[in-house]
Amino acid sequence: MKKQSRKELSRRRFLGTAAIGMAGITLLPSLSSCSSPKKTDDKIRLGFIGMGRQAMFLLNGFIQIPGVRVIAGCDVYGRKRQRFENRVNEFYSKNNVQVEVKTYEKYQDLLQRDDIDAVVIAVPDHAHAMIAIAACKAGKDVYLEKPMTFTIKEGQELRRVVRENDRILAIGSQQRSDPNFQHAIKMVHTGRLGEIQQVNAYVGAPPVPYNLPKEEIPADLNWDLWLGPLPGDIHFNNELNPPISLDPVEHEKIWGAWRWYKEMGGGFTTDWGAHMFDIGQWGLGMDDSGPVEISPVGDGTEYMQFKYANGVVMTSEPFNEQMTKGVKFTGTDGWLEVSRGHFVASDDSLLPPKSAQADDDTPYETKIPHQINFIEAVRNRVDPVVPVEVGHRTCTVCTLGNIACDLKRTIKWDPATETFVDDQDGAATAHLHYQYRDGWTLL
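This text gives an overview of the structure that appears in the document. (Residues numbered from 1 in each chain as written. Predicted model: local features only at pLDDT ≥ 70, side-chain atom pairs only at ≥ 80, totals over all residues. Heavy atoms only, no water.)

1. Examining the overall build of the chain
Keep this limit in mind: Elements are defined by DSSP. Helices are runs of H or I of four residues or more, strands are runs of E of two residues or more, and each kind is numbered from the N terminus. Any residue under 20% of the maximum accessible area for its type is buried, any over 50% is exposed, and the rest in between are partly exposed; the area is computed with a 1.4 Å probe on protein chains only. Any pair of residues with heavy atoms lying within 4.5 Å of one another is described as a contacting pair. Each accessible area value is a Shrake-Rupley result obtained with a 1.4 Å probe; residue values ignore everything except the protein chains displayed when judging cover.
What the chain contains, in helices and strands, is 11 helices and 18 strands. Across the 443 residues of the chain, 58% fall into the buried class. Pairs at least 24 residues apart make up 74% of the contacts formed inside the chain by residues separated by at least 6 positions. Element-wise, carbon and sulfur atoms account for 48% of the exposed surface of the chain, whose accessible area totals about 18500 Å².

2. A closer look at the sheet that holds strand E2 (residues 44–49)
Our working definition: Strands are treated as partners if at least two bridges between them are detected by DSSP. Only the stretch in contact is used when a helix axis is fitted, and all axes are lines through C-alpha atoms; the angle between N-to-C directions ranges over 0 to 180 degrees.
Spatially, 6 strands are ordered E4-E3-E2-E5-E6-E7 in an open sheet, and the strand pairing comes out parallel. Every interior strand has two partners, whereas the edge strands, strand E4 (102–104) and strand E7 (169–171), have only one. On average, each strand axis in the sheet is inclined to that of its neighbour by 25°, with strand direction left out of account. Its contacts with the sheet put helix H10 (residues 368–380) on E2, strand E3 (68–74), strand E5 (118–121), strand E6 (141–144) and E7, and the angle it makes with E6 is roughly 165°.

3. Brief notes about empty space enclosed by the protein
Gaps left between atoms show up when a probe the size of a water molecule is rolled over them. Cut-off, in case you're wondering: Computed over the protein atoms alone on a 1 Å grid, cavities are sets of points where a 1.4 Å probe fits but cannot get out and pockets are open sets with protein on both sides within 12 Å along at least five of seven lines; a residue lines them when it has an atom within 4 Å of a point. Grid points are joined across faces, edges and corners, and a volume is the space filled by probe spheres set on the points. Under the convention adopted here, Pro, Cys and the residues Ala, Val, Leu, Ile, Met, Phe, Trp and Tyr are nonpolar, Asp, Glu, Lys and Arg are charged, and Gly plus all remaining residues are polar.
Using the criterion set out here, one finds 1 cavity of 30 Å³ or more in the structure. In this structure, the largest cavity occupies an estimated 40 Å³ of space. With 3 residues, helix H11 (residues 388–407) is the single largest residue contributor to the lining of the largest cavity. In terms of residue class, the lining of the largest cavity is made up of 5 nonpolar, 3 polar and 1 charged.

4. Quick notes on the nonpolar core
Using the following cut-off: For the purposes of this section, nonpolar cores are sets of buried Ala, Val, Leu, Ile, Met, Phe, Trp, Tyr and Cys residues that join through side-chain atoms within 4.5 Å.
Within the largest apolar cluster, 66 residues are counted, with the highest numbers of intra-cluster contacts made by Phe-48, Ile-49 and Phe-62. At 7 residues, the largest contribution of residues to this core is made by helix H4 (residues 128–137). In this view, Phe-62 contacts Leu-46, Phe-48, Val-68, Val-120, Tyr-143, Gln-371, Phe-374 and Ile-375; residues no more than four positions away in its chain are not counted. Listed in part, the 42 residues of the second largest apolar core include Met-276, Phe-306, Leu-351 and Leu-432.

5. A word on the packing of helix H9 (residues 273–283) against H11
Defined as follows: Each angle is binned into one of four classes, with values under 35 degrees roughly parallel, values over 145 roughly antiparallel, values of 65 to 115 roughly perpendicular, and all other values oblique.
Remark: H9 packs on H11, axes separated minimally by 9 Å, with the N-to-C direction vectors making an angle of 110°. Judged by the inter-axis angle, H9 sits roughly perpendicular to H11. Within the contact between the two elements, H9 uses Gly-273, Ala-274, Phe-277, Asp-278 and Gln-281 and H11 uses Val-390, Arg-393, Thr-394, Val-397 and Cys-398. Grouping the constituent residues of the contact of H9 with H11 by class yields 5 nonpolar, 3 polar and 2 charged.

6. Examining the layout of surface pockets
Roughly 870 Å³ of volume is contained in the largest pocket. Along its surface, the largest pocket is lined by 50 residues, and Ala-122, Val-123, Pro-124, Trp-258 and Arg-259 are the ones closest to its centre. Among the elements of the structure, helix H1 (53–62), helix H3 (107–111), H4, helix H7 (223–227) and helix H8 (267–271) are those that each provide at least two residues to the lining of the largest pocket. Space inside the second largest pocket adds up to approximately 620 Å³. If you trace the second largest pocket, you find 29 residues lining it, with Pro-207, Lys-262, Gly-265, Asn-402 and His-431 closest to the centre.

7. Quick look at the packing of H1 against H10
For any two helices packed against each other, one specifies the inter-axial angle together with the distance between the axes. For the pair H1 and H10, the least separation of the axes is 9 Å and the interaxial angle reads 70°. Taken as axis vectors, H1 and H10 run roughly perpendicular relative to one another. Touching Leu-58, Gly-61 and Phe-62 of H1 are Ile-368, Gln-371, Phe-374 and Ile-375, all from H10. Residue composition of the contact of H1 with H10, grouped by class: 5 nonpolar, 2 polar and no charged.

8. Digging into H1
Within H1, 9 of the 10 residues are buried, leaving the element largely enclosed by the surrounding structure. Along H1, the residues classified as buried are Gln-54, Ala-55, Met-56, Phe-57, Leu-58, Leu-59, Asn-60, Gly-61 and Phe-62. Check the buried side of H1 and you find it contacts E2, E3, helix H2 (78–94), E5, E6 and H10.

9. Some points on the pattern of salt bridges
Spelled out, the test is: Basic side-chain nitrogens of Lys or Arg form a salt bridge, by our definition, when they fall within 4 Å of a carboxyl oxygen of Asp or Glu.
For the structure on display, the rule yields 23 salt bridges. Between Arg-437 and Asp-224 there is a salt bridge whose closest N-O contact spans 3.0 Å. Here the residue Arg-437 occupies a position in the segment after strand E18 (419–421), and Asp-224 occupies one in helix H7, the gap between them amounting to 213 residues. Exposure remark for Asp-224: the relative accessible area of 41% places this residue in the partly exposed category.

10. Section: the side chain of Thr-396
To be explicit about the condition: Side-chain atoms alone can form a polar contact between residues adjacent in sequence; in general such a contact is a pair of N or O atoms within 3.5 Å, and within protein one must be able to donate a hydrogen while the other accepts it.
Counting through the fold element by element, Thr-396 comes out in helix H11. We classify Thr-396 as buried; its relative accessible area is 6%. A polar contact of 2.8 Å, which involves the side chain of Thr-396, links it to the backbone oxygen of His-392.

Written out as structure tokens, the structure reads:
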């Protein structure tokens, strides 16, 4: 596509600041403007499984929703359990609310409690499916961080268990609750761009082999439980579970680096793909389907592309000089770029109204409407904005991209049967799942 000059671009940038950091919970100025759950007299009692950096962001939001009570938490790292207790007790004490919060090392102990209605799961990806399935079987509703699962087989099983147990499961793909992205999809679905010809969803590179040096395991971290079903010979490095201290209070300075290594995570492909490929799938009307051919671009160390049955191609290559993590839809009548705090279009008429601008100080990771949507879904027993089926299809796209890059060849996929086509050597099929180590099971 011909490069556009800056004068040819119609742009509107929606910039926000992240006032809620790791220092503590600050009451959100936007909370009063959000629609509250209908049954405000019915308390929804939450337990948190995983108490790292993302969980603390989520706690900042959930704990302030009317009618929600956070009463339990779980983590394999003792200092994070103590931080969680301190944070929750401090919030309820300041607001004169009587709540007793307990923490656990093993998630099974938390799930045994009959007084917990729902759980928020924010653990490393390899434990998502195992814990979410156990939660559903224990009668809990689930808010599950993205990407939904570590393998495609895990996603298939979790989807089945959610429906068989009549549970509400929401995925933390909060961009679907954001007016900026909603407007972009509206422009696509209403034909304002004409027929879509190309989608660019830039997310970053696939994972690399684990290469961090071995370090001493902290005394209060149960490394065996952290590994869970993963091979027991994966050694500890503090970047995998960033250390914190309570005196003085020092929070994680980095995101857990497990996500960048193929033994434990899916790299940027699943970390950001769970957001941006998700928007691409939504725009293409593929929430119940997926691509049919997936190929590495070049040597497979940076980019990948996905071809759909209708001929449209989605590629993970950058679409602007800034290498913005976001999505660009190109049609016969125009184009638009959308990302967090960024909206550029080929014509002013495609831009969102000013009312869509985010004018609060909420960190993007924890936009309150997305969390309120989950609580409303739990109360009213309806699907949330990102139900398990959508989460699984998006996660499948991400994982297929990593498989193609790992095999360094084009793979063919049947989205109806969720099986590989023409996989004569069985190499692609072998990537659908992996062997859990002894003592750990998915179901």
